[in-house]
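# Overview (structure and organization)
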Amino acid sequence: MPQETIQNKQIHIEFEEKNPSFTPYNGYNKPKFYGRRKGRIIRKAKTTLLESFLPSIKITDKSELNKDKLFGTPVEKIALEIGFGDGQHLAGQAKNHPEIGFIGAEVFQNGVANLLTLLTGIKEGTHLPEKINLEEGRVDNIRVFDDDIRLLFQQIPDAFLDKVYILFPDPWPKKRHANRRLVNPDNLKEIARILKKGGILRIATDHKIYKGWALRQVKENGNFVWTAKCGNDWKKEPEDWVQTKYELKALREGRRPVFLDFEKI
Ligand SMILES: C[S@@+](CC[C@H](N)C(=O)[O-])C[C@H]1O[C@@H](n2cnc3c(N)ncnc32)[C@H](O)[C@@H]1O
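Residues numbered from 1 in each chain as written. Predicted model: local features only at pLDDT ≥ 70, side-chain atom pairs only at ≥ 80, totals over all residues.

## Observations regarding the overall build of the protein
Regarding its fold elements, the protein presents nine helices and seven strands. Nonlocal contacts in the protein, meaning residues at least 24 apart in sequence, comprise 81% of its contacts between residues at least 6 apart. (Helix = DSSP H or I, 4+ residues; strand = E, 2+ residues; numbered from the N terminus. Contact = placed C-beta atoms within 7 Å.)

## A short note on the packing of helix H6 (residues 185-194) against helix H7 (residues 208-221)
Following both chains from N to C, one finds H6 and H7 inclined at 55°, their axes separated by 10 Å at the closest point. Classed by the angle they form, the pair H6 and H7 counts as oblique. Remark: the crossing between H6 and H7 carries right-handed chirality. Where H6 abuts H7, its residues Pro185, Leu188, Lys189 and Ala192 lie against Gln217, Val218 and Asn221. When its residues are assigned to classes, the contact of H6 with H7 shows four nonpolar, two polar and one charged. (Axes fitted to C-alpha atoms, helices over the stretch in contact; angles between N-to-C directions. Parallel < 35°, antiparallel > 145°, perpendicular 65-115°, else oblique. Left-handed = near helix turned anticlockwise from the far one by under 90°. Nonpolar A, V, L, I, M, F, W, Y, C, P; charged D, E, K, R; others polar.)

## Brief notes about the site of the ligand
The full set close to the ligand counts 22 residues, and Gly83, Gly85, Phe168, Thr244 and Tyr246 are the nearest of them. A total of three residues in the shell around the ligand trace back to one element, the largest contributor, which is helix H9 (residues 245-252). Partitioned by chemical class, the residues of the shell around the ligand number eleven nonpolar, five polar and six charged. (Near = placed C-beta within 6 Å.)

## Quick notes on the sheet that holds strand S4 (residues 161-167)
Pairing is mixed in the open sheet, where seven strands are placed in the order S3-S2-S1-S4-S5-S7-S6. Each of the sheet's edge strands pairs with one partner strand only, and the pair in question is strand S3 (142-145) and strand S6 (224-226). Ignoring strand direction, the axes of neighbouring strands in this sheet form an average angle of 20°. Alignment of strand S1 (residues 77-82) against strand S2 (residues 100-105), held across six bridges, turns out to be parallel. Residue pairing across strands places alanine 79 opposite phenylalanine 102, the latter belonging to S2. Together, S1, S2, S3 and S4 form the strand contacts of helix H3 (residues 88-96), whose direction differs from that of S2 by roughly 170°. (Pairing = 2+ DSSP bridges.)

Have a look at this one:
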């Protein structure tokens, strides 16, 4: 094995050993998760960010989910992005809307590490400071839950959120895997509970089956109305949109995404 790979592997193992309970939810009866939790080896800068910076913005079971206390700055509204992937949309929205507090949930460790890179500007090769703070100029309106959203739902009060984003969820296209889809009756029940009346659930997908599935599931839930009045309302990127990694991949591969906004009634 090349020297560099051995070194990276060691960093990865050390990180795991120092963080045996990467999430504080080990005591809970975790629901089964079918996606990837870890991917490629996480190199030094990202490991440092996960160790030194993530704790300052991480939501744990001790966090008070309170609009005035959760973020570093006062916020007027709160939004939740479920499955933020590499974090481009979350970081972009937070930068464009300092008046909104954003909660991002993502199980994939490499994705969380990538978001931290976007928030701090610290990449591989950057000089690593002893302590990584939320210095001036860094957005302080993001908090991260680095685990399965289903574990956080139980902590979120009723009518707490103004907006929920589910962007390009894994399609699980096979019929027998449909129960693995993020948009499902149980999750929609929770989302309807934690969204305020008039709040928006935005689902984006590039997958035909998922589009029909999402529309049906949300309709069956009964707590939402689809806001679209004409084709442009769901075929075009919304005005406040920030592109995501999976959207760009879909466009490169010739798939047209749809953007479905539902209002909580
Ligand atoms: C296809 S990726 C899309 C990522 C990103 N939204 C984008 O558009 O680039 C779906 C993401 O959802 C995450 N995910 C799936 N189920 C989740 C769950 N129950 N809780 C938190 N994240 C989840 C996956 O780890 C994955 O990163």
